[in-house]
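# Geometric and topological summary
Next come the chains, spelled out residue by residue.
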Number of protein chains: 2
Amino acid sequence: MAKEEIKVGLMGLGTVGSGVVRLVMNHQEDLRHQTGCSITITKVLVQDIQKERPVHLPPGVVTDHPEELLHHADIDVVVEVMGGIEPTRNYIRQALESGKHVVTANKDLMALHGAELLSVAAQHHCDLFYEASVAGGIPILRALVEGFASDRITRMVGIVNGTTNYILSEMKKKGVAFADALTEAQRLGYAEADPTADVDGLDAARKMAILATLGFHTEWPLDEVHVRGIGDVTLEDVRFAAQLGYTLKLVGIARQDAGKVEVGVQPALLPNEHPLATVDGVYNAVYVHGEAVGETMFYGPGAGDMPTATAVVSDLVTVVKNKKLGVNGRSVVSPYRERKSKPPGEIWSKHFFRLRVADEAGVLAGITRLFADEGVSLEKVLQVPCTQEREAEIILVTHRANGEQLLHMIKGLEALPAVIRIQSHYRVEGGEE
Amino acid sequence: MAKEEIKVGLMGLGTVGSGVVRLVMNHQEDLRHQTGCSITITKVLVQDIQKERPVHLPPGVVTDHPEELLHHADIDVVVEVMGGIEPTRNYIRQALESGKHVVTANKDLMALHGAELLSVAAQHHCDLFYEASVAGGIPILRALVEGFASDRITRMVGIVNGTTNYILSEMKKKGVAFADALTEAQRLGYAEADPTADVDGLDAARKMAILATLGFHTEWPLDEVHVRGIGDVTLEDVRFAAQLGYTLKLVGIARQDAGKVEVGVQPALLPNEHPLATVDGVYNAVYVHGEAVGETMFYGPGAGDMPTATAVVSDLVTVVKNKKLGVNGRSVVSPYRERKSKPPGEIWSKHFFRLRVADEAGVLAGITRLFADEGVSLEKVLQVPCTQEREAEIILVTHRANGEQLLHMIKGLEALPAVIRIQSHYRVEGGEE
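These numbers were taken from a predicted model, which means no experiment stands behind them.

Moving on: the packing of aromatic side chains. Residue and element names in this part refer to chain A. Considering all chains together, one arrives at eleven aromatic pairs over all chains under this definition. Ring plane angle 70° and centroid distance 6.1 Å describe the contact between Phe148 and Phe298, whose orientation is recorded as edge-to-face. One end of the pair, Phe148, is in the loop between helix H6 (140–147) and strand S7 (153–159); the other, Phe298, is in strand S12 (residues 294–301), with 150 residues separating them in the sequence. With relative accessibility at 0%, the residue Phe298 sits in the buried group.

This is how it looks when you write it as C-alpha cells:
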C-alpha cells in the first residue's frame, strides 16, 4: 500500500498554478475521500521568489531552484503549469527519469514532444497526464480514451481556441471589424499582447495534433496539421456567411476515412443548426463523431485559471488513485496505427466563395459554367451590388468538392476576365454528410 | 498477469444486445490493441432461443438457461442488457457473488438497487459499471467521477429522456398538439406503446437519481426525486414560452447549495440562449456546473442500439484493463456525504404563470399586488386577448422566488375572484444566477 501523503512539486505559480494551489487546499477533504490520501504541495518552482502571489504558501515552499523539485526524493508528482518548451521539456524528462509522475497543462510541449515524453514516462513506469492541454476544463481526452474506447472515431471538429472564437463571435454579434474585436479581446485579457499563436491558428493546431493522436490511435505530428488563421477574415465574410445561414468559426477538423486521415485548422462556415455554431465567446467545444455512437459534443470553458486547474487536479487525482493501486504508467495505449495522410483529391467538403466581379451580362453564366465543367454543383448563389460602380459581388456555396477540384476552381476563377478578384474562400463544414 | 482471452456472458439480445455483439466482433482488433486481450462472447441468455436474431452467433452460444452464464466458471464478465428489475437483479447478484464483473445498461435497476448491488460488487472485489444507464452514448458518468474529481459540482441540469424531448421539440417546431406528437413518436419507435414511464418523467427521474448520487457523493434514492411529467403541457404553453424567449423542456435538475440538495424532474422553461435549449429531438444533454470549472455541457444520442452499445463495450474495456492490472473492484468511491434535502423554502427559481382572467379593469393591478405582497418581483408580463369573450390571458415570469412563496402565490391567485383559473405554471431554469 502506498503512503498516505502524496507530495506534489508544482512548477509555475501564475494564474493556473495559483488555481491548482487553491483547489488542492480548499478541496482537501474531498480529495482525501476520493483517493484515501492527503495531497500536499511541498515545493513550488517560480522564477522570482520575491514576487507577490495571490495564494499564501508556508515559508520554504517557494523556490527558484528546479532541482529542489526534480531531485527531491520525497516528491511523488510534478505538476507543470509554467509553460514553454525549454527548459520545461528538460525538467519533465528529469522528473520522469527520477520516477516522478507528471501532470502538465502544456499543449505546446505535448504537441511537439508528446511522443518522446510519453515514451520516457512508460520506460520509468510513470504516469504522464495532460487533460488540461486541450479545451481547458472539458474532460475531452478522457472521453476519447475511455468513453469511446469501444468505438471508431471518424471525425472531430473542435472550437479549441477561445481567443479567436471570442473575436469571431464579437464580429458576428456586434458587427465590429477584426482589428477592433482583437483590441477588445486584448483589453479583456482574452488575447495576449502578441496574439500571433492564437490568430494564426497555431494554438488550435497544437490541440488538434493531440486530439488526432489520441482519437485515431496514430501519432500525428504538428507539422502534419494544415493551418490557416483568421487574420484575413473580414466583417463582410462574417456577414455574407450569416446571410446564407452560416456562422464563421475557426475550427480544427480531424477526419478519418478508410484509414486515411486529414487534420487541419481553418476558418470555416458551419450551418447555424450545427451544435458548434452557437458556441460563443471564449467557450470551447469539441464535436466527436463515432461510427457507432454517432454525434456527440463536449462544451465548456477552454481556458481560465480555475477550469484549467480543475483538469490538472483531476489528473492528479488519477495519478494518486493509480499509485494506491500500484498501476502507475500501465494504462497507456500507445498509438498503434500507421499514419496515412489523405491526398488533396480525397479531402471532400463544400466551399464558400466570395467573388468581386465586373457587373456585366454573362458573368454569372461564365462562373457557373466553370464549376459545372469541374463537375462541382452549386448549392447556393447570391449576387449583390457593390458601392463600387460597375462591380458586383457573387457569393457561392458549392456542393461537395475535393481539394484538387478546389485548386482547379480557384485557378479557373482567377483566369476569368470578369472576375476582378477572389475576395475570400472558406471550407463549409457539417451539413449533408 | 490475467489470461489473454476474456469471456463475456451477455444477458439479453434485443437491439442493444445485438449492438454489443456487433461492436465486439467488428472492433476485435482495436479492442485487442487497447486491452491486450481478445474478447469473446461465450454465452448469450435469451428468453426464446428459436427467435430469429439480427446477428449470427456460433451454435451453442445462445441459451435460455441463466445458470449457463451465472455459474459458468469460464465467464469473466456478465453484460446485462435485458432490462427489468426481477429476475435481473437476482441474476446480477449471483454473477457478482460468483466473482464475475458486471456491466449493465439498466437505469431502472441502478436507480432502485444501485447501492445494494454496488456493495455486493465491492464485497466480491468485482467491477460493476453502468455508463450506458444515463444518456446512452454520452460518457457522462466518467466525466463526473473522473473528469471533475477535483471539483465540487453544484448543479446538473439534464435532458435525459429522448422520447419527451422529441415530443416537446415537435410541438415547438411544427406546432402540433401533445397527443399528435406522441403518436408520431410511437410511429417512429421513439416512444413505447405504453409511454407512461417516459411521459410521466419516471425514466428521467431514475437517471437523475444516478447522476445526483455520483455528482454529489450522496446516496440519492429514487423516491427523493420530485417528479412531474409532461402530460399536461399544452401547445399554448409551448407557444407563449417561445413568445417570451424560452424553450419548454422536460429537465432533470439536481442542485446543491451549502451542502443541501434538491433533485427533481419537471417541464421547465429554458432561456433560448441556454446551451440546453437547442438540444432537439431524441438527443440528450447534461449541463454540469462546477464550482471551479464553471459551465460545461455533454451532448449526444440518449438512446439507440449502437450508441448504448458503445457505452456498454467501453465499460467492458475498462473491466478488461482493470483485470489485466489486477485492480477490479478497487477504484469505486462510495458516497460519503450525508443526504440533506433542501426544504421548499430554500428551493429558489423563477416561475412562469399562465392565467385565464376576467377581462375587466384592475385585474392586472390585483395580480401584481399579490406578487408584490409576497415579496416576489416580476420580470415579464404579457396580456393577450382570448377567443372567449370577456376573458383574457395573462402570462407572468417572476424573478427568483422560493418554494414556499410559490405555494402562497398559487393559493393567492386561486383566491382572486378575477382569476378564472391557473392554466399552467412552470419553473424557469437558467439565466441570471
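Following the structure, the description resumes.
On to the pairing of strand S14 (residues 378–385) of chain A. Residues and elements named next belong to chain A. Both S14 and strand S15 (residues 391–398) contribute to a ladder of seven bridges, which runs antiparallel. Directly across from Val381, in S15, lies its bridge partner Leu396. Taken together, S14 and the strand that follows it, S15, pair antiparallel across an intervening segment of five residues, in which Arg390 is found at a positive phi of about 60°.

Our focus in this paragraph is helix H14 (residues 403–415) of chain A. Residue and element names in this part refer to chain A. With 13 residues, H14 extends 19 Å from end C-alpha to end C-alpha; this agrees with the ideal 18 Å at 1.5 Å per step. All of the buried residues along H14 are Gly403, Gln405, Leu406, Met409, Ile410, Gly412 and Leu413. Each element contacted by the buried residues of H14 is listed here: strand S13 (348–358), helix H13 (363–373), strand S16 (401–402) and strand S17 (419–428). Where H14 begins, the side chain of Asn402 points an oxygen toward the backbone nitrogen of Glu404, at a separation of 2.9 Å.

All names here are of chain B. One open sheet holds the six strands; their spatial order is S3-S2-S1-S4-S5-S6, and the pairing between them is parallel. Whereas interior strands pair on both sides, the edge strands pair on one side only; in this sheet they are strand S3 (62–63) and strand S6 (128–129). For strand S4 (residues 77–80) and strand S5 (residues 101–104), the ladder comprises four bridges, and the chain directions are parallel. Each residue of the ladder has a partner; that of Glu80, found in S5, is Thr104. In this fold helix H1 (residues 15–26) packs onto strand S1 (5–11) and strand S2 (38–45), with an angle of close to 155° to the strand it touches most, S2.

Another point: the environment of Ile230 of chain B. All names here are of chain B. As for its position among the elements, Ile230 is in the loop between strand S8 (226–227) and helix H11 (235–243). Here the alpha-carbon distance between Ile230 and Pro267, two residues 37 residues apart in the chain, equals 6.1 Å. In this structure, Ile230 is in contact with Thr164, Ile167, Leu168, Phe178, Val199, Leu250 and Pro267, ignoring residues within four places of it in sequence.

A few words on the side chain of Glu429 of chain A. All names here are of chain A. Counting through the fold element by element, Glu429 comes out in the segment after S17. Taking relative accessible area as the criterion, Glu429 reaches 2% and is therefore assigned buried. Setting aside anything within four residues of it in sequence, one finds Glu429 in contact with Arg155, Val157, Ile253, Arg255, Leu269, Leu270 and Pro271.

So, about the sheet that holds strand S5 (residues 101–104) of chain A. Residues and elements named next belong to chain A. Taken in spatial order, the six strands make up an open sheet running S3-S2-S1-S4-S5-S6, and their pairing is parallel. Bordering the open sheet on either side are strand S3 (62–63) and strand S6 (128–129), each of which pairs with just one other strand. The strands that helix H12 (residues 305–325) touches are strand S1 (5–11), strand S2 (38–45), strand S4 (77–80), S5 and S6; relative to S5, the one it contacts most, it runs at about 165°.

Note on the copies: chain B fits chain A at an RMSD of 0.0 Å, the axial shift is 0.0 Å, and the rotation between them is 180°. The symmetry that links the two subunits is that of a two-fold axis. Judged by C-alpha distance, Phe298 of chain B is the residue of chain B that lies nearest the rotation axis, at 2.4 Å. A share of 100% of interface residues in chain B that are also interface residues in chain A marks the association as one of identical surfaces.

What follows concerns the UniProt feature "binding site: L-homoserine" (unreviewed entry) in chain A. Residue and element names in this part refer to chain A. The feature "binding site: L-homoserine" (unreviewed entry), as annotated in UniProt, sits at Glu192 in this numbering. Within the fold, Glu192 resides in the loop between helix H8 (178–187) and helix H9 (196–199). Assessed through its relative accessible area of 55%, Glu192 is described here as exposed.

All names here are of chain A. Under the UniProt annotation, "active site" (unreviewed entry) lies at Lys207. Relative to the elements of secondary structure, Lys207 occurs in helix H10 (residues 202–216). For Lys207, a relative accessible area of 7% gives the class buried. Contacts of Lys207, omitting those with residues within four sequence positions, involve Lys107, Ser133, Val134, Val160 and Asn161.

Considering all chains together, one arrives at 68 salt bridges over all chains under this definition. Between Arg142 of chain B and Glu146 of chain A there is a salt bridge; the shortest N-O distance is 3.8 Å. You can see Arg142 of chain B sitting in helix H6 (residues 140–147) and its partner Glu146 of chain A sitting in helix H6, one on each of two chains. Given the relative accessible area of 25%, Glu146 of chain A is considered partly exposed. Its salt-bridge partner being Arg93 of chain B, residue Glu116 of chain B comes within 2.8 Å of it at the nearest N-O pair. Of this pair, Glu116 of chain B sits in helix H5 (residues 107–123) while Arg93 of chain B sits in helix H4 (residues 88–97), and the two are 23 residues apart along the sequence. Arg93 of chain B sits in the partly exposed class, given a relative accessible area of 29%.

A few words on the pairing of S2 of chain A. Residues and elements named next belong to chain A. Of all the eight residues making up S2, seven are buried; the element is thus mostly covered by neighbouring parts of the structure. Relative to S2, S1 runs parallel, the two being bridged by seven bridges. Within the sheet, the bridge partner assigned to Glu5 lies in S2 and is Ser38. Alignment of S2 against S3, held across two bridges, turns out to be parallel. From the neighbouring strand, Leu45 faces S3, where its bridge partner is Thr63.

Rules behind the numbers
Residues numbered from 1 in each chain as written. Chains lettered and ligands numbered in written order. Predicted model: local features only at pLDDT ≥ 70, side-chain atom pairs only at ≥ 80, totals over all residues. Heavy atoms only, no water. Phe/Tyr/Trp six-rings, centres within 6.5 Å; stacked < 30°, edge-to-face > 60°. Helix = DSSP H or I, 4+ residues; strand = E, 2+ residues; numbered from the N terminus. Buried < 20%, exposed > 50% of the residue type's maximum accessible area, 1.4 Å probe, protein only. Pairing = 2+ DSSP bridges. Expected span 1.5 Å × (residues − 1). Contact = heavy atoms within 4.5 Å. Polar contact = N/O pair within 3.5 Å; in protein donor to acceptor, adjacent residues only side chain to side chain. Axes fitted to C-alpha atoms, helices over the stretch in contact; angles between N-to-C directions. Least-squares fit on C-alpha atoms with pLDDT ≥ 70 in both. UniProt positions renumbered as here; feature names shortened; annotations may be inferred. Salt bridge = Lys/Arg side-chain N within 4 Å of Asp/Glu carboxyl O.

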